[in-house]
Amino acid sequence: MFRTALRNVLAHKGRLLMTMLAVMLGTAFVAGTLIFTDTMGQALRTQNSKSYADIAVTVSDDSAVGRGYDHGANHTANTPALTEDARKKIAALPGVADARGVVSGFAGIADKKGALIGNGFSTTGTNYVPGADGTDPRYPLVEGRGPRNAAEIALDTRTADKGGFKVGDTVRVAVNGPVMELKLTGTLHTNDPRVMAGGSLAAFDDATAQELYLSPGRYASLDVKAKPGTDDAALLTAVKQALPQGDNIEARTGRELAAEQDRMIAQGTKILNTFLLGFAAIALFVGIFIIANTFSMLVAQRTRELALLRAVGATRRQITRSVKVEAVLVGLTASIGGLLAGIGIAVGLKALLNGPMDANLPDGPLVIAPTTVLTALAVGVLVTLVAAWLPARRASRIAPVAAMSAVEQPATQKSLVVRNTVGLLFAVAGLGALAAGISGKEVKLVGLGAAALLLGVFVLTPLLSRPLIALLAPVLRAVYGTPGKLAQENAVRNPRRTAATASALTIGVTLITSLTVIGASVNKAVDDSTDSDIKADYTVAMQNGTMLSDQVATQIARTPGVSAMSPERTVPVTVGGADDRSEWMTAVDATTIDQLATVKIKEGSADALRQGKLLVSAARAQSAGYQVGDTLAVTYPDGSKGSLTVGGILEANTALAPVIAPDAVVGRHAEPGSGPNKVLVKGEHGATEQLKQALRDATGGNPLIAVKGDKDIRAESRQAVTNILNMMYGLLGMSVVIAVLGVVNTMAMSVFERRREIGMLRAIGLDRLGIRRMVRLESLLIALFGGLVGVGLGILTAWAAVRTLAGDLKGLSTVVPPLQILGFLLAAAVIGLLAALWPAHRAAKLDILGAIKSE
């Protein structure tokens, strides 16, 4: 039977080609993902080990969160600090070769047009620490020298190249205030992962970096280098004893930090791996429909052959085993091709990220692990074997005598009833889970319900095919006459085959539709909340989400054309009571905030802020148990204590924080060196380009500071949603390609098994054009059927998801974009027509007499 299976695979290799391609594409996705993530993880770990190669012990000051990072410097007068004296003390310890002080924060570099180089979250500033030879071993010089005073700066080579800077040029750089114009004294090399990922590095002299990010003479961390032969654990103990004592000071060995970074890298690559493999699983799931369809058609076409084998003594088990062996051979062959294609995908993806996308991943050899090879081969074989299981069982049930007189055994009424019953049960269970998930706001339950509903509909597609295709039949008959009528009859002749072919396309259309509807719903909610919640014409904030300097807020207040402005400053406090808890309060200008944002009071006084009281959102009041009139005992960041009264409960507003306090009351207690998170601005004449430019000028032209109006906020939100959707569409592209192969495969095999019928049609007068049109219209009907079911399921699942998430985004409701939905159906129609080009051409070219004589 093995030789029989091998002979059948070789004899039908043309008809198995599309199936092999489907399996190959799915396994290529799996193999490419595993190879790429393994290669990237290995390269990052190698780079990480180099970063900590010379560091025996690292000492960090958790309170040294510099300006340009998070919430400003958390240091107070009573907090221990890593000073120059502490560095010298550690450097003098036995076994210490060097102790380097480190200062870092954000630093935006403007190109010659004033635009930010890199992205705001990876624009790094640090201190350049020269040794006896005037160079810093951490940042090897490529050209020039390091900075020596506050008027000088050095840049990494990639940033200098991007900005077109050369040694001696003037560079415009800023932290969280006005721009500084500094002389470029040198370019340097760095393996900092933030810079390697497309960021920038600006190096200042020690004193300037401390002044910009912390305070004079203070470091955020110390990197200790050991002398040869020194034990790291013993050195760690000595360093801890020499350090100033405090909860904010922590010392760890370089090996511990390297191991921790390795764990973070492994976790990151695992998340990426899981994400990509999820889409690979979708592609393989689509492939299952094609494989099952192909083997079902092959079994049907070989009915007489299989019956003859039964007649000469083959058992049912042998027939089943024969079909399974064919599946294994097909899966193994396709998996080997998929593995090779996966290697190409991994290489291409790395080249894409390092090329056009400028991700600058670290160099390293391609990692093809034995587990990757085994996984790719096992997945391909297993998927093919699972998909061929039902066709193999059907093959074993062919009766020797009854099969001799029939080309194909129709599905029994009992099997169709069982299938429809199972499908109905899945669909009802899915709808029930969706309803329960929506009412309980359970995202996981909604996901399970959507999956069960999809499975139920897939099982029911043979039942749905006749009525849905019948809807389109009158149009085809009216426009195309006899070919249209024949196409409609052929499409519903074998509902199972039509359903399997259409379902492969349905999966992709369902996911794409649901993502599109969710994206449109989010965009509409953001647009509506921007219109209703924000009165300010412009919002001024750092692009990386860090704090502005107080100087910027002062300059904005003095800008001509500004009628009202309010800084929003985050002030963390500790609320006393039975259990102390942290609360983040946002300080605003009590006299102007109602001109800049919509302040709707559900309960309490609208003048609460002017009275020195708090305003709390309804959601926060419910979660924390706050009520109007409650007095909160608070401890401020500067250590002082006070009490605040809840003066009102706010309706939901995306522009306002959950807890709002008057800046005049709590702002003076903010963390030292901290500034506002953003500034809301109202213009005398509304939003004008003149005011926008004036605000840019007020920020000193800082490339890290963004001045955004309503249109900018909407555009930014839409761009973020569009980027996510485009990425999803791209990852789903493989499943759509496999679905197209399925349509081509089904039509080609249908033409083969209907050769006699096509010959008879030609003989009674249907010309070549009519034959081509019949095949194309049949493919069109199948594709449109899959598209219609996919669009319906996609809209339903998106509606359920939006209803579940409605409480997390104000104004979120289901929005169905009609043009895009119509575009998906049109795309399905085009796919059907294109997929039929080759089968239709083959059908039209059949010799009439040869086709009539065929069996």
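How each quantity is defined
- Residues numbered from 1 in each chain as written.
- Predicted model: local features only at pLDDT ≥ 70, side-chain atom pairs only at ≥ 80, totals over all residues.
- Heavy atoms only, no water.
- Helix = DSSP H or I, 4+ residues; strand = E, 2+ residues; numbered from the N terminus.
- Buried < 20%, exposed > 50% of the residue type's maximum accessible area, 1.4 Å probe, protein only.
- Contact = heavy atoms within 4.5 Å.
- Patch = residues over 30% accessible without salt bridge, like charges linked within 9 Å, V, L, I, M, F, W, Y side chains within 5 Å.
- Areas by Shrake-Rupley, 256 points an atom, 1.4 Å probe, with all protein chains shown as cover.
- Salt bridge = Lys/Arg side-chain N within 4 Å of Asp/Glu carboxyl O.
- Lys, Arg positive; Asp, Glu negative; His and termini not counted.
- Charge placed at Lys NZ, Arg CZ, Asp CG, Glu CD.
- Pairing = 2+ DSSP bridges.
- Axes fitted to C-alpha atoms, helices over the stretch in contact; angles between N-to-C directions.
- Polar contact = N/O pair within 3.5 Å; in protein donor to acceptor, adjacent residues only side chain to side chain.
- Core = buried A, V, L, I, M, F, W, Y, C linked by side-chain atoms within 4.5 Å.
- Phe/Tyr/Trp six-rings, centres within 6.5 Å; stacked < 30°, edge-to-face > 60°.
- Left-handed = near helix turned anticlockwise from the far one by under 90°.
- Nonpolar A, V, L, I, M, F, W, Y, C, P; charged D, E, K, R; others polar.
- pLDDT = per-residue confidence, 0-100.

How do you make sense of the overall build of the protein chain when you look at a structure like this?
For the protein chain, the helix and strand inventory stands at 28 helices and 24 strands. When the backbone C-alpha atoms are referred to their principal axes, the protein chain occupies close to 100 × 70 × 55 Å. Buried residues in the protein chain amount to 49% of all 855 residues. Here the contacts in the protein chain between residues at least 6 apart in sequence split such that 81% fall between residues at least 24 apart.

Explanation requested: the environment of Thr510 in the structure shown.
Structurally, Thr510 is set in helix 17 (residues 495–533). Residues Thr510 and Leu788, 278 residues apart in the sequence, show an inter-C-alpha distance of 9.3 Å. If we ignore the near neighbours within four places in the chain, the residues touching Thr510 are Leu454, Gly790, Leu793 and Gly794.

When you look at a positive patch on the surface in this model, what are you seeing that I'm missing?
Residues Arg316, Arg393, Arg394 and Arg397 make up a contiguous surface patch of positive charge. Along the chain, the position of Arg397 falls in the loop between helix 12 (389–396) and helix 13 (400–404). Residue class for Arg397 comes out partly exposed when judged on its relative accessible area of 47%.

I tried to follow the sheet that holds strand 1 (residues 57–61) on my own but got confused; where do I start?
With antiparallel pairing, four strands are arranged side by side in an open sheet as 3-13-1-14. The two strands at the open ends of the sheet, each matched to only one other strand, are strand 3 (96–102) and strand 14 (249–253). Averaged over all neighbouring strand pairs, the angle between strand axes comes to 15°, with direction disregarded. Packing against the sheet, helix 3 (residues 84–91) makes contact with strand 1, strand 3 and strand 13 (221–226), and its axis sits at approximately 160° to strand 3. Contacting strand 1, strand 3, strand 13 and strand 14, helix 7 (residues 232–242) crosses the sheet at an angle of about 170° to strand 14.

Even after reading the chapter, I still don't get the side chain of Thr570, so can you show me in this structure?
Relative to the helices and strands, Thr570 resides in strand 16 (residues 562–575). Under the relative-accessibility criterion, Thr570 is labelled buried at 14%. Looking at Thr570, its side chain comes within polar contact range of the side chain of Asn677, at 2.7 Å.

Looking at this structure, how should I read the side chain of Asn127?
Tracing the backbone shows Asn127 in strand 6 (residues 123–128). Taking relative accessible area as the criterion, Asn127 reaches 0% and is therefore assigned buried. Only 2.9 Å separates the side chain of Asn127 from the backbone oxygen of Gly101, close enough to count as a polar contact. A distance of 2.7 Å separates a polar atom in the side chain of Asn127 from a polar atom in the side chain of Asp206. For Asn127, the contacting residues outside a window of four places in its chain are Arg100, Gly101, Val102, Val103, Asp136, Tyr139, Phe204, Asp206, Ala209 and Tyr219.

When you look at a nonpolar patch on the surface in this model, what are you seeing that I'm missing?
Taken together, the side chains of Phe285, Val418, Val422, Phe426 and Leu455 define a hydrophobic patch exposed on the protein surface, amounting to about 380 Å² of accessible area. With three residues, helix 14 (residues 413–440) is the largest single contributor of residues to the nonpolar patch. Considering the arrangement of structural elements, one finds Phe285 in helix 8 (residues 254–301). For Phe285, a relative accessible area of 31% translates into the label partly exposed.

What is the right way to read the pairing of strand 15 (residues 538–542) from this model?
Regular strands show a simple pattern: their side chains alternate between the two faces of the sheet. For strand 15, a buried count of five out of five residues is recorded, marking the element as mostly surrounded by other parts of the structure. Both strand 15 and strand 24 (residues 705–708) contribute to a ladder of four bridges, which runs antiparallel. Each bridged residue has a counterpart across the sheet, and for Thr539 the counterpart in strand 24 is Lys708.

For this particular structure, what's the right way to read the nonpolar core?
Inside soluble globular proteins, nonpolar side chains tend to come together where they are buried. Within the largest apolar cluster, 99 residues are counted, with the highest numbers of intra-cluster contacts made by Phe29, Phe295, Leu306, Leu505, Ile738, Ile771 and Val775. The element that contributes the greatest number of residues to this core is helix 25 (residues 768–805), accounting for 15 residues. Ignoring any residue separated from it by four or fewer positions in sequence, one finds Val775 in contact with Met747, Val751, Ala836, Pro839, Ala840 and Ala843. The next biggest cluster of nonpolar side chains, apart from the first, holds 38 residues, and it includes Phe165, Leu184, Tyr213 and Leu235.

Looking at this model, I keep getting lost on the pattern of salt bridges. Mind explaining?
All chains considered together, the criterion is met by 22 salt bridges. Of the charged contacts in the structure, one is a salt bridge between Glu757 and Arg493, with a shortest N-O distance of 2.9 Å. Here Arg493 lies in the loop between helix 16 (482–491) and helix 17 and Glu757 lies in helix 24 (residues 755–763), a separation of 264 residues in the sequence. Classification of Glu757 as partly exposed rests on a relative accessible area of 27%.

Can you walk me through unusual backbone geometry in this structure?
Phi is mostly negative for residues that are not glycine, and the peptide bonds are mostly trans. Its identity is not glycine, yet Lys441 carries a phi of approximately 55°, on the positive side. With respect to the element layout, Lys441 can be found in the loop between helix 14 and helix 15 (443–480). When its relative accessible area of 45% is taken as the criterion, Lys441 is described as partly exposed.

Help me understand the environment of Gly186, please; the structure alone is not making it clear to me.
Take Gly186: it is sitting in strand 10 (residues 180–188). Of the residues examined, Gly186 reaches a relative accessible area of 0% and is grouped as buried. Residues Gly186 and Arg497, spaced 311 residues apart in sequence, show a C-alpha to C-alpha distance of 69 Å. The residues contacting Gly186, other than those within four sequence positions of it, are Glu143, Gly144, Arg145, Ile153, Ala154, Leu155 and Val167.

So what exactly am I meant to see when it comes to the packing of aromatic side chains here?
The description of an aromatic ring pair rests on the distance of the ring centres and on the angle between the ring planes. Per the stated rule, a full pass over the model turns up five aromatic pairs. For the ring pair Phe204 and Tyr213, a centre distance of 6.4 Å and an interplane angle of 65° mean the geometry is edge-to-face. The exposure classification of Phe204 matches that of Tyr213, with both residues buried. Between the aromatic rings of Phe289 and Phe458, the centroid separation amounts to 5.6 Å while the plane-to-plane angle is 75°, which identifies the pairing as edge-to-face. In this pair, Phe289 is assigned in helix 8 and Phe458 in helix 15, connecting sequence segments 169 residues apart.

Looking at this structure, I do not really get the pairing of strand 16. What am I missing?
A large share of strand 16 lies buried, amounting to twelve of its 14 residues. Pairing between strand 16 and strand 23 (residues 678–683): six bridges, direction antiparallel. Its bridge partner being in strand 23, Pro567 is matched across the sheet by Val679. Pairing between strand 16 and strand 17 (residues 581–588): seven bridges, direction antiparallel. Following the sheet pairing, Pro572 is matched in strand 17 by Trp584. Bridge count between strand 16 and strand 20 (residues 631–635): two bridges; the pairing is antiparallel. Looking across to strand 20, one finds that Thr574 is bridged to Thr635.

Help me understand the packing of helix 17 against helix 25 in this model?
For any two helices packed against each other, the geometry comes down to the angle between their axes and how far apart the axes lie. Look at helix 17 against helix 25: their axes get within 6 Å of each other, and the N-to-C directions meet at 35°. Along this stretch, helix 17 crosses helix 25, giving a crossing that reads as right-handed. Counted by class, the contact of helix 17 with helix 25 contains 15 nonpolar, twelve polar and no charged residues.

What's the story with the confidence of the model for the protein chain in this structure? I'm lost.
Low pLDDT means the predicted atomic positions in that stretch should not be read closely. Chain-level statistics for the protein chain give a pLDDT mean of 85 and a share of 92% at 70 or above. Ranking the elements of the protein chain by mean pLDDT puts helix 13 last with 58 and strand 8 (residues 152–156) first with 95. Below pLDDT 50 for its whole length, residues 66–77 participates in 42 contacts with residues either more than four positions away or in separate chains.

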